[in-house]
Amino acid sequence: IKHPLHNKWTLWYFENDKNKGWEENQREITSFSTVEDFWCVFNHIKQASDLRVGCDYSLFKSGIRPMWEDETNKNGGRWLISLDRKQRSSELNAFWLEILLCLIGEAFDDYSEDICGAVVNVRAKGDKIGIWTVDASRSKSDGILSIGRKIKERLGIGAEYQIVYQSHRDTASRTSSTSKNSFTL
Ligand code: M7G
């Protein structure tokens, strides 16, 4: 018998086809709900560092689409880990795997319910990993900060390395290339 996960998860792949809209370029790849099926999927797909520039993977709880517009994401936000170009060959794959294990292993104690999913963006200007949570409002700061501290602990990153939390509403409405950061750790 396989080992069941607490949640069922869906893997999405984004490839930037300029002839199509952003949403259309998000493709649902597969879903799984056991430890064994997670590893089967993970071992079968390309590592993040081998994706073409402009592509993403997203892993979300099944039923939540990896976009701001989804009912579960629309009031939410993300913890953002920005990598520099050199880190594609060093940290990117290890960080992404660790984040996947945090998600499927429900590593965020009392706040695992607040997790929607995670995204890795492979970009020429520097790769990014985002951990999306359900509610970006100030009243939820205990949970947001607890999740952020756990991310840093699990990735083994210290005070010299900042991660920032941004609401999707701010990210979506940004006019400059920098959006407002609600929290920094
Ligand atoms: P990105 O791929 O998150 O990061 O956003 P990047 O700027 O490093 O490439 C690029 C663009 O994709 C955004 O400016 C939006 O036009 C679009 N986009 C990204 N996300 C996450 C969404 C989303 O959730 N919904 C919609 N409609 N567009 C999005």
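Data block above holds the structure.
Residues numbered from 1 in each chain as written. Predicted model: local features only at pLDDT ≥ 70, side-chain atom pairs only at ≥ 80, totals over all residues. Heavy atoms only, no water.

Counting buried positions over the six residues of strand β4 (residues 77–82) gives five, a clear majority of the element. Pairing of β4 with strand β6 (residues 128–133) involves six bridges; the strand directions are antiparallel. Counted as the bridge partner of Ser 82 is Lys 128 from β6. Looking at chain direction, β4 and strand β7 (residues 164–167) are connected through four bridges and run antiparallel. Paired with Gly 77 across the bridge in β7 is Ser 167. (Buried < 20%, exposed > 50% of the residue type's maximum accessible area, 1.4 Å probe, protein only. Helix = DSSP H or I, 4+ residues; strand = E, 2+ residues; numbered from the N terminus. Pairing = 2+ DSSP bridges.)

This part covers the site of the ligand. Taken together, Trp 22, Met 67, Trp 68, Glu 69, Arg 123, Lys 125, Lys 128 and Arg 174 make up the full set of residues adjacent to the ligand. Here an oxygen atom of the ligand and a backbone polar atom of Trp 68 are 2.8 Å apart. One nitrogen or oxygen atom from the side chain of Lys 128 is found 2.6 Å from an oxygen atom belonging to the ligand. Compared with its free state, where it exposes 560 Å², the ligand has 70% of that area covered by protein. Class assignment of the residues belonging to the shell around the ligand gives a composition of three nonpolar, no polar and five charged. (Near = heavy atom within 4 Å. Polar contact = N/O pair within 3.5 Å; in protein donor to acceptor, adjacent residues only side chain to side chain. Areas by Shrake-Rupley, 256 points an atom, 1.4 Å probe, with all protein chains shown as cover. Nonpolar A, V, L, I, M, F, W, Y, C, P; charged D, E, K, R; others polar.)

Time to look at the packing of helix α2 (residues 92–104) against helix α3 (residues 141–155). The N-to-C vectors of α2 and α3 enclose an angle of 130°; their axes lie 10 Å apart at closest approach. Classified by the angle their axes make, α2 and α3 are oblique. Where α2 crosses over α3, the handedness of that crossing is right-handed. For the pair formed by α2 and α3, the contact residues are Phe 95, Glu 98, Ile 99, Leu 101 and Cys 102 on the first element and Ile 151, Arg 154 and Leu 155 on the second. Across the contact of α2 with α3, the residue classes break down as six nonpolar, no polar and two charged. (Axes fitted to C-alpha atoms, helices over the stretch in contact; angles between N-to-C directions. Parallel < 35°, antiparallel > 145°, perpendicular 65-115°, else oblique. Left-handed = near helix turned anticlockwise from the far one by under 90°. Contact = heavy atoms within 4.5 Å.)

Once that is clear, we can look at the side chain of Thr 34. Summarising the element assignment, Thr 34 is placed in strand β2 (residues 26–34). Look past the residues within four positions of Thr 34 in its chain and what remains in contact with it is Lys 2, His 3, Pro 4 and Leu 5.

In this section: the packing of aromatic side chains. Tallying each qualifying case throughout the model produces nine aromatic pairs. An angle of 55° between the planes, with centres 5.6 Å apart, marks the rings of Phe 32 and Phe 38 as tilted. The two residues Phe 32 and Phe 38 agree in class, both being buried. Taken together, the ring pairs connect Phe 32, Phe 38, Trp 39 and Phe 42 into an aromatic cluster. One residue, Arg 138, lies across the ring of Phe 183, its end atom 4.8 Å from the ring centre. (Phe/Tyr/Trp six-rings, centres within 6.5 Å; stacked < 30°, edge-to-face > 60°. Lys NZ or Arg CZ within 6 Å of the ring centre and 35° of its normal.)

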